[in-house]
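Summary of structural features
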Amino acid sequence: MAPDAKITVRNVSKTFRTGRGGVQALEGIDFQVGEGEFVALVGPSGCGKSTLLNMLAGFDRPDTGEALVDGRPVLAPSRKGVLITQRGSVFPWMNVQRNLGFGVNGMPEAEQESLTRHYIELVGLQGFEQAFPHELSGGMLQRVEVARALMAKPDVLYMDEPFAALDALTRLRMREELIRILERERHTCILVTHDVEEALHLADRILVISTRPGRIQRTVEVDVPHPRRLSSIRLVALREMVLSELGVTQGEDRTARPAVAGTGVQKLTAGWASDN
Amino acid sequence: MKPLRYLPALGIIAVIIALWWVTALGSLIFPTPLAVVKAIAELAREGTLLQHVYASLYRVTIGYLGALALAIPLGSLMGWFPRWFGAVNPVVQILRPISPIAWIPLAILWFGVGDASPTFLIFLATFFPVVVATASGVHLVEQQYVRAARNFGVNGFKLYQRVIFPAALPNIITGMRVGLGVAWLVVVAAEMVAINSGLGYLIIDARNAGSRYDLVVAGMVIIGIIGFGLDAVMRRLESLEEVRWRYGT
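Owing to the predicted nature of the structure, the values given are computational and were not obtained by experimental measurement. (Residues numbered from 1 in each chain as written. Chains lettered and ligands numbered in written order. Predicted model: local features only at pLDDT ≥ 70, side-chain atom pairs only at ≥ 80, totals over all residues. Heavy atoms only, no water.)

Of the regular secondary structure elements, chain A holds 7 helices and 10 strands. Per-residue burial for chain A yields a buried fraction of 55% across its 276 residues. (Helix = DSSP H or I, 4+ residues; strand = E, 2+ residues; numbered from the N terminus. Buried < 20%, exposed > 50% of the residue type's maximum accessible area, 1.4 Å probe, protein only.)

Here's what the structure looks like:
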């Protein structure tokens, strides 16, 4: 990989203290992400993938190793790398328009206005500029979240299970929306998810992470152009590959494709089964 | 449609007035509702009514605003910094249960019998509910909002101004509503003891100077109506778009 990668994670480890001693969340993580690339980190709950994202976004520090963006460690959160999570952080005391403007405070008003109009249109929220968050659906809130993040012109977009709290149909629609938005405005993206299908739908590359301590178990290139059909032979094969890597195989496949044993993965909430 | 909504409340008030009237008919001292209405009209004609209302409201306004000006910043510091909470909260919790009425002797000693005494008592009465509500509101600000703001490079006082304060505002307003209610209770009590103007004084004076119980009850009715009006103003605040999210629509 190019030495001037956008993001370089080198030998990162992290241990959390708990009442019963330390829990090693991550161990010896190495990977790089190129400019404009979309990488998904897939793994079971509690494998430390969110921790990794927090480090890259500047909310946490690695114990060992380094997490670099543009060759420099991220010492504090900034607009350069905006993090979107499933909990949602659209401010409920501001209408949609003012939420979008939050990230670009200090910009001349006219400029801010035209930018807001652009992003409202990009995420399809025309007519809701003056609406307050409590009047919007979950899917619309995540659109506001995405629009607000993009409006701050980040170099990297970090997404921590951004659509996990949405219902299955809305989740699917939001994935399509995200692909459409990123086609118009390319960003370097890192997505954390335990939904294998979501990763296959969106990412250029999938890093499969094992359970505690989280290690990169396998890298899967998703060499399928958009628009992707999840039922295509190639994607079905990739899905099985990722799943078996995570220690999960579906019943009918067991004869055709023996499970890879001993990966240390005990639990997985897979995306296409009823999630959560 | 709308008048119908108020019908049950008006009905209950009518029943109470009717019962009152029946009870009062046989009494020489206890005034009938009609006598009270006449007394209010008499006060209004003399111009003393407005004078007393103004005196009471003036003290409440100064004491209340003073308390807000101190309680909201202090409560914010306590809610945000555990050290501040640890240092200040014990004092707050010790002083809070002392009824403002118990401070009256000290208030007279320190501030005399002018406007300053009741204003000080109202300050005390309002300060504690607002401090406690602000501290808990700020403490409970959800972390994802703070993280998002930091992510957009918003820190320090800007973070307080743009995120922490508005996020805590619904709690603060609830504290302000409680505080204003207590303030109105206290001003009347203070005026009955220490002062020679205001609605509390009106009541005590009416009794002392000739057992004018019609004026006593007139004062009570006016206190009730103004208290109701003050609470309506606070409820208006709670229905603002900026805070409604917290109260569940």
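After presenting the structure, the write-up continues.
Bringing the overall build of chain B into the picture now. When helices and strands are tallied, chain B shows 11 helices and 0 strands. If you list the helices and strands of chain B from N to C, you get α-α-α-α-α-α-α-α-α-α-α. If one aligns the C-alpha atoms of chain B with their principal axes, the spans along those axes are about 70 × 55 × 30 Å. Across the 249 residues that make up chain B, the buried fraction comes to 43%. Residue pairs at least 24 apart in sequence account for 71% of intrachain contacts in chain B once pairs closer than 6 positions are excluded. Here chain B displays about 13,300 Å² of accessible surface, and carbon together with sulfur accounts for 71% of that area. Put simply, chain B has 18 plus and 11 minus side-chain charges, and the middle of one group is 11 Å from the middle of the other. (Contact = heavy atoms within 4.5 Å. Areas by Shrake-Rupley, 256 points an atom, 1.4 Å probe, with all protein chains shown as cover. Lys, Arg positive; Asp, Glu negative; His and termini not counted. Charge placed at Lys NZ, Arg CZ, Asp CG, Glu CD.)

The subject of this paragraph is the packing of helix α8 (residues 156-193) of chain B against helix α10 (residues 213-238) of chain B. Residue and element names in this part refer to chain B. At a minimum axis distance of 10 Å, the contact between α8 and α10 shows a crossing angle of 165°. Regarding the angle of α8 to α10, the classification is roughly antiparallel. Like other packed secondary-structure pairs, α8 and α10 cross with a definite hand, here right-handed. Of the residues in α10, those in contact with Ile-173, Thr-174, Met-176, Arg-177, Leu-180, Trp-184 and Val-188 of α8 are Ile-223, Ile-226, Gly-227, Leu-230, Asp-231, Met-234, Arg-235, Leu-237 and Glu-238. Considering only residue class, the contact of α8 with α10 consists of 10 nonpolar, 2 polar and 4 charged. (Axes fitted to C-alpha atoms, helices over the stretch in contact; angles between N-to-C directions. Parallel < 35°, antiparallel > 145°, perpendicular 65-115°, else oblique. Left-handed = near helix turned anticlockwise from the far one by under 90°. Nonpolar A, V, L, I, M, F, W, Y, C, P; charged D, E, K, R; others polar.)

Attention shifts here to the pattern of salt bridges. It is possible for side chains of opposite charge to pair when their charged atoms get near one another. Residue and element names in this part refer to chain A. Across all of its chains, the model carries 26 salt bridges over all chains by this definition. Its salt-bridge partner being Arg-10, residue Glu-66 comes within 2.5 Å of it at the nearest N-O pair. Taken together, the residues Glu-66 in strand β4 (residues 64-69) and Arg-10 in strand β1 (residues 7-18) connect sequence positions 56 residues apart. As a salt-bridge pair, Glu-161 and Lys-49 come within 3.9 Å of each other at their nearest N and O atoms. Taken together, the residues Glu-161 in the loop between β7 (156-160) and α5 (168-184) and Lys-49 in helix α1 (residues 49-56) connect sequence positions 112 residues apart. You'll find Glu-161 and Lys-49 in the same group, each marked buried. (Salt bridge = Lys/Arg side-chain N within 4 Å of Asp/Glu carboxyl O.)

Core analysis: the largest hydrophobic core is formed by 124 residues, its most contacted members being Phe-38, Phe-91 and Ile-206 of chain A. For this core, the element with the highest residue contribution is α8 of chain B, accounting for 16 residues. Excluding its chain neighbours within four sequence positions, the residues that come into contact with Phe-38 of chain A are Met-159, Leu-178, Leu-182, Cys-189, Leu-191, Leu-202, Ala-203, Asp-204 and Arg-205 of chain A. (Core = buried A, V, L, I, M, F, W, Y, C linked by side-chain atoms within 4.5 Å.)

Attention shifts here to the pairing of strand β9 (residues 205-209) of chain A. All names here are of chain A. Most of β9 is tucked away: 5 of the 5 residues are buried. Residues Arg-205, Leu-207 and Ile-209 point to one face of β9 and Ile-206 and Val-208 to the other, with burial holding for every one of them. Looking at chain direction, strand β3 (residues 38-42) and β9 are connected through 4 bridges and run parallel. Opposite Val-42, over in β9, you have Val-208 as the bridge partner. With 5 bridges joining them, β9 and strand β10 (residues 216-221) adopt antiparallel strand pairing. Of the residues in β10, the one forming a bridge with Ile-209 is Ile-216. What sits between β9 and β10 in their antiparallel hairpin is a turn of 6 residues. (Pairing = 2+ DSSP bridges.)

Attention shifts here to the layout of surface pockets. Residues and elements named next belong to chain B. Counted as a void, the largest pocket has a volume near 400 Å³. Along its surface, the largest pocket is lined by 13 residues, and Ile-13, Ile-17, Trp-20, Val-221 and Ile-225 are the ones closest to its centre. Elements supplying a minimum of two residues to the lining of the largest pocket: α1 (2-25), α2 (33-46) and α10. Among the elements that make up the lining of the largest pocket, the one with the highest residue count is α10 (5 residues). Split by residue class, the lining of the largest pocket holds 12 nonpolar, 1 polar and no charged. (1 Å grid on protein atoms, 1.4 Å probe; cavity = no way out; pocket = protein on both sides within 12 Å on 5 of 7 lines; lining within 4 Å. Points joined across faces, edges and corners; volume = space filled by probe spheres on them.)

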